[in-house]
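Listed below, chain by chain, are the residues.
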Amino acid sequence: ELKVEQNPLFLSMQEGKNYTIYCNYSTTSDRLYWYRQDPGKSLESLFVLLSNGAVKQEGRLMASLDTKARLSTLHITAAVHDLSATYFCAVDRRQGGSEKLVFGKGTKLTVNP
Amino acid sequence: KAGVTQTPRYLIKTRGQQVTLSCSPISGHRSVSWYQQTPGQGLQFLFEYFSETQRNKGNFPGRFSGRQFSNSRSEMNVSTLELGDSALYLCASSLAVREIFPYEQYFGPGTRLTVT
C-alpha cells in the first residue's frame, strides 16, 4: 500500500527565513504533486514533478524530486505572510488504467511578521 | 475556461438521511475523481469515473456511490448518513491522457457536508 509522509506537520516561521518541507513515499511512482490549500478553500496546484531530478520554481517556492530516495522537497525562500497555508504533497497510484492521488497529511505553514 | 464547479457548496443533513453532491468538470475533461477531506483522516480517495465507468474505488463502505453522465458531469451519493461523514468533499477533473499530458487533477471548491 502506498504511503505518503510529510514532515513537519506544523511549521511556524518568521518572515524572511528559509525552510524545507519533506515528502517521503513508500513505493515507486513517477509523478509527484504539490498543492496549496487556504483555510476553507480547495486545493491549488503548485507543481507537478514528473521525473527524477526534476526541479521546479515559482516565486519563493521550489520543489524537487528524487525518485530513487522516494523523496520530494518543497523549499521556501525568504518567507512572506502570504505563504501561510497548508501544503500537501500527493503521489499518483496507477491501477488498471486509472490513477488516484495518495496525499500526505499536509504541512500547516504559518509565517509570522 | 471555467473551472471545476461543485454544488451545493454547503449542506447540513441529519443522521440517516441521504445526500447527492454534483460536480461539473472542466470542459473537455473526461475523468472525474472524488476525495473526502476530514481533519482526522486527511484527504482520501473515494472513486474515479471515466467515460461513465467507475475505474477505481477507494476504501469506503458501499454507502458511498457515484456515477458519471455522458457529458462527464458526476454525482456522488451517500446513503444512511453518519456523523463521521461530515467532511469537505472535493471533486477533481483531468484530461486523463497520461501519455500526452501530465495527469494533473484540477480541484473544485468542494462541498462542505455537515451531518447532525
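Rules used in this analysis
- Residues numbered from 1 in each chain as written.
- Chains lettered and ligands numbered in written order.
- Predicted model: local features only at pLDDT ≥ 70, side-chain atom pairs only at ≥ 80, totals over all residues.
- Heavy atoms only, no water.
- Helix = DSSP H or I, 4+ residues; strand = E, 2+ residues; numbered from the N terminus.
- Rg over C-alpha atoms; globule rule 2.2 N^0.38 Å.
- Buried < 20%, exposed > 50% of the residue type's maximum accessible area, 1.4 Å probe, protein only.
- Phe/Tyr/Trp six-rings, centres within 6.5 Å; stacked < 30°, edge-to-face > 60°.
- Disulfide = S-S within 2.5 Å.
- Core = buried A, V, L, I, M, F, W, Y, C linked by side-chain atoms within 4.5 Å.
- Contact = heavy atoms within 4.5 Å.
- Pairing = 2+ DSSP bridges.
- Axes fitted to C-alpha atoms, helices over the stretch in contact; angles between N-to-C directions.

Along chain B, the regular secondary structure elements total zero helices and 11 strands. For chain B, the N- to C-terminal ordering of α and β elements is β-β-β-β-β-β-β-β-β-β-β. Here the C-alpha radius of gyration of chain B, 14 Å, is about what a compact globule of 116 residues would show, namely 13 Å. Along the longest, intermediate and shortest principal axes, the C-alpha atoms of chain B span 45 × 25 × 25 Å. The 116 residues of chain B split such that 51% are buried.

Bringing the packing of aromatic side chains into the picture now. Residue and element names in this part refer to chain B. Scanning all chains against the criterion turns up 10 aromatic pairs over all chains. With centroids separated by 5.6 Å and ring planes inclined at 70°, the aromatic side chains of Y35 and F45 adopt a geometry described as edge-to-face. In this pair, Y35 sits in strand β4 (residues 31-38) while F45 sits in strand β5 (residues 42-50), placing the two residues 10 residues apart along the sequence. The pair Y35 / F45 is uniform in exposure class, with both members buried. For the pair Y35 and F107, a centre-to-centre distance of 5.6 Å together with 50° between the ring planes defines the contact as tilted.

Moving on to the state of the cysteines. Residue and element names in this part refer to chain B. In this structure the tally under the stated criterion is two disulfides over all chains. One disulfide bridge connects C23 with C91, the sulfur atoms lying 1.7 Å from each other. Of note, the bridge from C23 to C91 carries an S-S torsion of about -45° and is left-handed in sense. With a gap of 68 residues between them, C23 in strand β3 (residues 19-24) and C91 in strand β9 (residues 87-94) connect regions that are remote in the sequence.

A few words now on the nonpolar core. Core analysis: the biggest nonpolar cluster contains 26 residues, and V4, L32, W34, L74, I76, Y87 and L109 of chain A have the highest contact counts within it. Only β2 (10-14), β3 (19-25), β4 (32-37), β5 (43-49), β7 (61-66), β8 (71-76), β9 (85-95) and β11 (107-112) of chain A provide two or more residues apiece to this core. Among all residues touching Y87 of chain A, those that are not within four sequence positions of it are Q6, I21, Y35, R36, L46, L61, L74, G106, T107 and L109 of chain A. V32, L46, M76 and C91 of chain B belong to the second largest nonpolar core, which has 21 residues in total.

A separate point is the pairing of strand β7 (residues 64-68) of chain B. Residue and element names in this part refer to chain B. Here β7 runs beside strand β8 (residues 74-78); their pairing, made up of five bridges, is antiparallel. When the sheet's bridge partners are listed, S65 is paired in β8 with N77. Taken together, β7 and the strand that follows it, β8, pair antiparallel across an intervening segment of five residues, in which S72 is found at a positive phi of about 75°.

A few words on the sheet that holds strand β6 (residues 55-58) of chain A. Residues and elements named next belong to chain A. The antiparallel open sheet is built from five strands, whose spatial order is β1-β3-β8-β7-β6. Strands with a single pairing partner mark the edges of an open sheet, and in this sheet they are β1 (4-7) and β6. Each strand axis lies, on average, 15° off the axis of its neighbour in the sheet, ignoring direction. Here six bridges tie β7 to β8, and the two strands are oriented antiparallel to one another. Following the sheet pairing, S64 is matched in β8 by T73.

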